Amino acid sequence: MTDQNLVPIAELTPESAAAELQRLSAEIAKHDQLYHQQDAPEVSDAAYDALRQRNDAIEQRFPDLVRTDSPSIKVGAAPASGFAKVTHAQPMLSLANAFDRDDVNEFAARIRRFLNLPETETLELVAEPKIDGLSASLRYENRKLVTGATRGDGAVGEDITANLRTVADIPQTLPDDAPDVFEVRGEVYMRRDEFFALNQRQEEAGNKVFANPRNAAAGSLRQLDSRITASRPLHFFAYSTGETSAPVAQSHWDFLARLKDWGFTVNPLSRRCADADAALALYEEVATARAGLPYDIDGIVYKVNRLDWQSRLGMVSRAPRWAIAHKFAAEQAQTLLHRISIQVGRTGALTPVAELEPITVGGVVVSRATLHNADEIARKDIRQGDTVIIQRAGDVIPQVVSVVIDKRPAGSQPYEFPTHCPECGSIVAQEEDEVVRRCTGGLVCPAQSLEKLKHFVSRNAFDIEGLGSKSIEAFSTDGLIVTPADIFRLKDRQTEFAEREGWGEQSLRNLLASIEARRTISLDRFIFALGVRQVGQANARLLARNYGTFDAFRAAMIAARDTESEAYATLIGIDGVGPSVATDLIAFFAEQHNETVLDDLADQLTIEDFVQAESDSPIAGKTVVFTGTLERMTRNEAKARAESMGAKVSGSVSAKTDYVVAGPGAGSKAKKAAELNVALLSEDEWLSMTGGPPQ
Ligand code: IVH
């Protein structure tokens, strides 16, 4: 529903107000779920705040209609499953919002009234950036980190201790002067540059990319395997406390200083302010500096400095009376939407993109904005030639918020989503329950096949050195590489190369050598490289383990077309596969074009059988830790090989570790191995134990 369609609150009848509150409650709950549990918000923070504000305003006019499930009573979303639950010793609160200077002055005045402060008494505030990450609570007992949890619904969160331990800013132990029980709360976040780099790695690996740094941080923390969290660049700013067995300061400012002494990172822009005016001055300063900060913030939090006053003030509904979040206005701008273009992804998904007259929003020049999907365009009635309002909020990907109807040119027509792929003309289809529309052209579609080729050579697939996205694009434009097998035929087309710019003899020789090095490939990498929908690295490995050889796998995918067959039952029986993935696999192998590509590839390649974990392998069932730099193979390869021989690879050394393989530069893990009497091997010793270096 767009704002224009909303009935003004003054005009609501009790009946329509009740209906509206019901709708808002459901809608806010849906967005809470998307934001907190799926890390995939569909609306901007500003739009979400607007929903909550409308809900609050209607409740204020009709207090009798406040629902038991009202969003004004609930905080966040109930915890997602998969992690143990942690009941917070003290609830993790939320913050009330201020949207302008008046709201902030009223906040200070309210506190003065509540505490009955004489005019001569100053009300000191601490102003801190509001970090756009996700809050976490850390519990230290006897100065050791024992539990780390998400906020969840404020009362009960998820136990993510193992994941939080991997965050370098979080101390594992506290010094002697810290209390026996001490809870610290703060925000886990990812820097913008790290977020972009992570997304690039995710994209190359054919994995999900994140919409913004906050989602990337949330997705990284909510991993069941803490090794994945450890590989993600996460940081932590500490800003408040929960249960403590002894007071640690008399003011919030001193509390922050103690946190610093104890090894926490406190946001350096925080400031002690003599009054609300001084706090508002910090707001203006930080708002100006915002675009240049390395991380996203969405406002300034003001907190009463004196802790005795904080406890007198207490809380109301879900937020403390002594703090407020002054939100930054989402950075918006008006510009012309020249046209809507359609991007075709590797799996044929069509993504509409707004091609805009370039404009600066929040210090960044924006010339394109995502329109998400056809439903979104229809909902906002976005048309080519419209003047639109675009926004960069916490979100890094700019969004089209709404259309400026007054500026719509005469004769404009609603946008019609293409029924045929703009790249290949194939029919566009939409599956039931899916908002995404897809090109059905498969590899016939040049855009899909280009994206598939990029995926084919990406790091976790064929990983061909010197053949990145850019060169694939260039070779494919020239017709040198059209299907994957063409990569392996490049060596027969060297004369054509001689004419290409930028390819000297040496670089050509290097490229051909790295292609040759990949002529033999493991089955799981090969399956992943095919780029079948929903078949990422993990599923590719499962399939490889289950079918063993490429021929067996392919025959099974063909036999499984018959859903009554044993082959189908086996396929969906694989733990982690299931009917939806099976459908995509079967469809892939049923496509005539893919058959041809596979036959062609089979002529060029040696696809290694999956090495089943041998029970008589010397490392079957053993737990291995790799540390330091390996010189004969990459860490990933060493890990894959150990796993294929039945070993478990772990990221940390414990009494359960059997072997620590240490290369140059190994540090604390090697030391710990020595302490725990765990066998310490050099890379060469390891290789001779596991059958020699890779060929
Ligand atoms: S204080 C009782 N300080 O904002 C006070 N919160 O909208 C609890 N946040 O859940 C929060 N930066 O996730 C506080 N400097 C800061 C913050 C901050 C970000 C988040 C936090 C909280 C949410 C409330």
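Residues numbered from 1 in each chain as written. Predicted model: local features only at pLDDT ≥ 70, side-chain atom pairs only at ≥ 80, totals over all residues. Heavy atoms only, no water.

Colleague: I'd like to hear about the overall build of the protein, residue by residue, with values.
Modeller: Secondary structure assignment for the protein yields 25 helices and 26 strands. On C-alpha atoms alone, the protein measures out to a radius of gyration of 29 Å, which is about the 26 Å that the 2.2 N^0.38 rule sets for 695 residues. Its C-alpha atoms put the protein at 90 × 80 × 55 Å along the principal axes. A separation of at least 24 residues holds for 68% of the contacts in the protein among residues at least 6 apart in sequence. Looking at the protein as shown, the accessible area adds up to about 32,900 Å², and 49% of this sits on carbon and sulfur atoms. Looking at the protein, you have 76 positive and 99 negative side-chain charges, and the mean spots of the two groups are 3 Å apart. (Helix = DSSP H or I, 4+ residues; strand = E, 2+ residues; numbered from the N terminus. Rg over C-alpha atoms; globule rule 2.2 N^0.38 Å. Contact = heavy atoms within 4.5 Å. Areas by Shrake-Rupley, 256 points an atom, 1.4 Å probe, with all protein chains shown as cover. Lys, Arg positive; Asp, Glu negative; His and termini not counted. Charge placed at Lys NZ, Arg CZ, Asp CG, Glu CD.)

Colleague: Give me the lowdown on the site of the ligand, citing residues and values where you can.
Modeller: Around the ligand lies a shell of 14 residues, among which Glu128, Ile131, Glu187, Tyr239 and Lys303 are the nearest. Within the backbone of Ile131, a nitrogen or oxygen atom sits 3.0 Å from a nitrogen atom of the ligand. In this structure, Lys303 approaches the ligand through a side-chain N or O atom, which is 3.0 Å from a nitrogen atom. Here the ligand loses 89% of its free accessible area of 530 Å² to cover by the protein chains. Among the residues making up the shell around the ligand, the classes are represented as 8 nonpolar, 1 polar and 5 charged. (Near = heavy atom within 4 Å. Polar contact = N/O pair within 3.5 Å; in protein donor to acceptor, adjacent residues only side chain to side chain. Nonpolar A, V, L, I, M, F, W, Y, C, P; charged D, E, K, R; others polar.)

Colleague: Quick one: what's the story with the sheet that holds strand 13 (residues 323-327), residue by residue and with numbers?
Modeller: Read from one edge to the other, the open sheet built from 5 strands follows the order 2-13-10-3-9, with strand pairing classed as mixed. This sheet does not close on itself; its edge strands, each paired only once, are strand 2 (97-98) and strand 9 (271-273). Note that strand 2 and strand 13 share 2 bridges and pair parallel. Bridge pairing in strand 13 links Asn97 to Ala325. (Pairing = 2+ DSSP bridges.)

Colleague: I'd love a proper account of helix 9 (residues 276-289), names of residues and values included.
Modeller: Spanning 14 residues, helix 9 covers 20 Å between terminal C-alpha atoms, matching the ideal 20 Å at 1.5 Å per step. Turning to helix 9, the residues buried within the fold contact helix 3 (101-115), strand 3 (125-131), strand 9, strand 10 (297-304) and strand 13. (Expected span 1.5 Å × (residues − 1).)

Colleague: Report on the pairing of strand 7 (residues 181-189), specifying residues and quantitative values.
Modeller: For strand 7, the tally of buried residues reaches 9 of 9 residues, placing the bulk of the element in the interior. Inspection of the sheet shows strand 4 (residues 134-141) paired to strand 7 by 8 bridges, in the antiparallel sense. Bridging from a neighbouring strand, Tyr140 pairs with Phe182 of strand 7. The pairing of strand 7 with strand 8 (residues 235-244) spans 7 bridges and is antiparallel. When the bridges of strand 8 are listed, Glu187 appears paired with Phe237. (Buried < 20%, exposed > 50% of the residue type's maximum accessible area, 1.4 Å probe, protein only.)

Colleague: How would you summarise the packing of aromatic side chains if you had to cite specific residues and measurements?
Modeller: Any aromatic ring pair is given by two values, namely how distant the centres are and how the planes are angled relative to each other. For the coordinates displayed, the defined rule picks out 17 aromatic pairs. Look at Phe456 and Phe462: their rings are 4.3 Å apart centre to centre, the planes differ by 20°, and that puts the pair in the stacked class. By the burial criterion, Phe456 is buried, and Phe462 matches it. Chaining the aromatic ring pairs together yields one cluster made of Phe456, Phe462, Phe488, Phe526, Tyr547, Phe550, Phe553, Phe588 and Phe589. One cation-aromatic arrangement involves Arg437 over Phe417; the distance from NZ or CZ to the ring centre is 5.1 Å. (Phe/Tyr/Trp six-rings, centres within 6.5 Å; stacked < 30°, edge-to-face > 60°. Lys NZ or Arg CZ within 6 Å of the ring centre and 35° of its normal.)

Colleague: With reference to specific residues and values, describe helix 3.
Modeller: Its 15 residues give helix 3 an end-to-end C-alpha distance of 21 Å, which sits within 8% of 21 Å, the value for a rise of 1.5 Å per residue. Here helix 3 has its buried residues at Val104, Phe107, Ala108, Ile111 and Leu115. Axial view of helix 3: buried residues confined to an arc of 90°, hence all on one face. Helix 3 presents Asp102 and Arg113 as exposed residues on the side facing more than 90 degrees away from its buried surface. Check the buried side of helix 3 and you find it contacts strand 2, strand 3, helix 9, strand 10, helix 10 (307-313) and strand 13. Looking one or two residues past helix 3, Asn116 carries a phi angle of roughly 55°, positive in sign. (Arc of directions from axis to C-beta.)

Colleague: Before we move on, can you summarise the side chain of Ser251 with the specific residues and values?
Modeller: Assignment of secondary structure puts Ser251 in the loop between strand 8 and helix 8 (252-261). Here Ser251 falls in the buried class, since its relative accessible area comes to 9%. For Ser251, the residues in contact, after removing those within four places along its chain, are Asn305 and Leu307.

Colleague: Can you explain the sheet that holds strand 7? Please cite residues and give values.
Modeller: Whether parallel or antiparallel, the strands of a sheet pair through hydrogen bonds between backbone atoms. Within the open sheet, the 4 strands sit side by side as 5-4-7-8. Their pairing is antiparallel. Each end of this open sheet is capped by a strand with a single partner; those strands are strand 5 (144-150) and strand 8. On average, adjacent strands in this sheet sit at an angle of 25° to one another, irrespective of strand direction. Along the sheet face, helix 6 (residues 213-221) touches strand 4 and strand 7 and points at about 40° away from the line of strand 4. Along the sheet, helix 8 contacts strand 7 and strand 8; its crossing angle with strand 8, the most-contacted strand, is approximately 115°. (Axes fitted to C-alpha atoms, helices over the stretch in contact; angles between N-to-C directions.)

Colleague: Residues and numbers for the nonpolar core, please.
Modeller: Within soluble globular proteins, side chains that are nonpolar generally end up buried alongside one another. By size, the foremost hydrophobic cluster in this structure holds 56 residues, and its most contacted members are Phe526, Leu543, Leu571 and Leu585. The biggest single contributor to this core is helix 21 (residues 578-590), with 6 residues. Excluding residues that lie within four positions of it along the chain, Leu543 makes contacts with Ile527, Val535, Gly548, Phe553, Leu571, Ile574, Val577 and Leu585. The next biggest cluster of nonpolar side chains, apart from the first, holds 35 residues, and it includes Leu145, Ile160, Leu164 and Ala216. (Core = buried A, V, L, I, M, F, W, Y, C linked by side-chain atoms within 4.5 Å.)

Colleague: Lay out the environment of Thr244 with the relevant residues and their values.
Modeller: With respect to the helices, strands and loops of the structure, Thr244 is situated in strand 8. Along the primary structure Thr244 and Ala655 are separated by 411 residues, whereas in three dimensions their C-alpha atoms are 33 Å apart. Among all residues touching Thr244, those that are not within four sequence positions of it are Val181, Phe182 and Glu183.

Colleague: Mind laying out the pairing of strand 13, listing which residues take part and the relevant values?
Modeller: Strand 13 sits mainly inside the fold: 5 of its 5 residues count as buried. On strand 13, burial covers both faces: Ala323, Ala325 and Lys327 on one face and Ile324 and His326 on the other are all buried. Bridge analysis of strand 10 against strand 13 gives 5 bridges, and the strand direction is antiparallel. Directly across from Ile300, in strand 13, lies its bridge partner His326.

Colleague: Lay out the environment of Arg533 with the relevant residues and their values.
Modeller: Turning to its location among the elements, Arg533 is positioned in the loop between helix 17 (523-529) and helix 18 (537-547). For the pair formed by Arg533 and Leu585, sequence separation is 52 residues and the distance between their alpha carbons is 7.6 Å. Excluding anything up to four places from it in sequence, Arg533 contacts Thr347, Glu431, Glu434, Arg438 and Asp584. For Arg533, the side chain forms a polar contact with the side chain of Glu431, separated by 3.3 Å.

Fair warning: the whole summary comes from geometry, so function is off the table for now.
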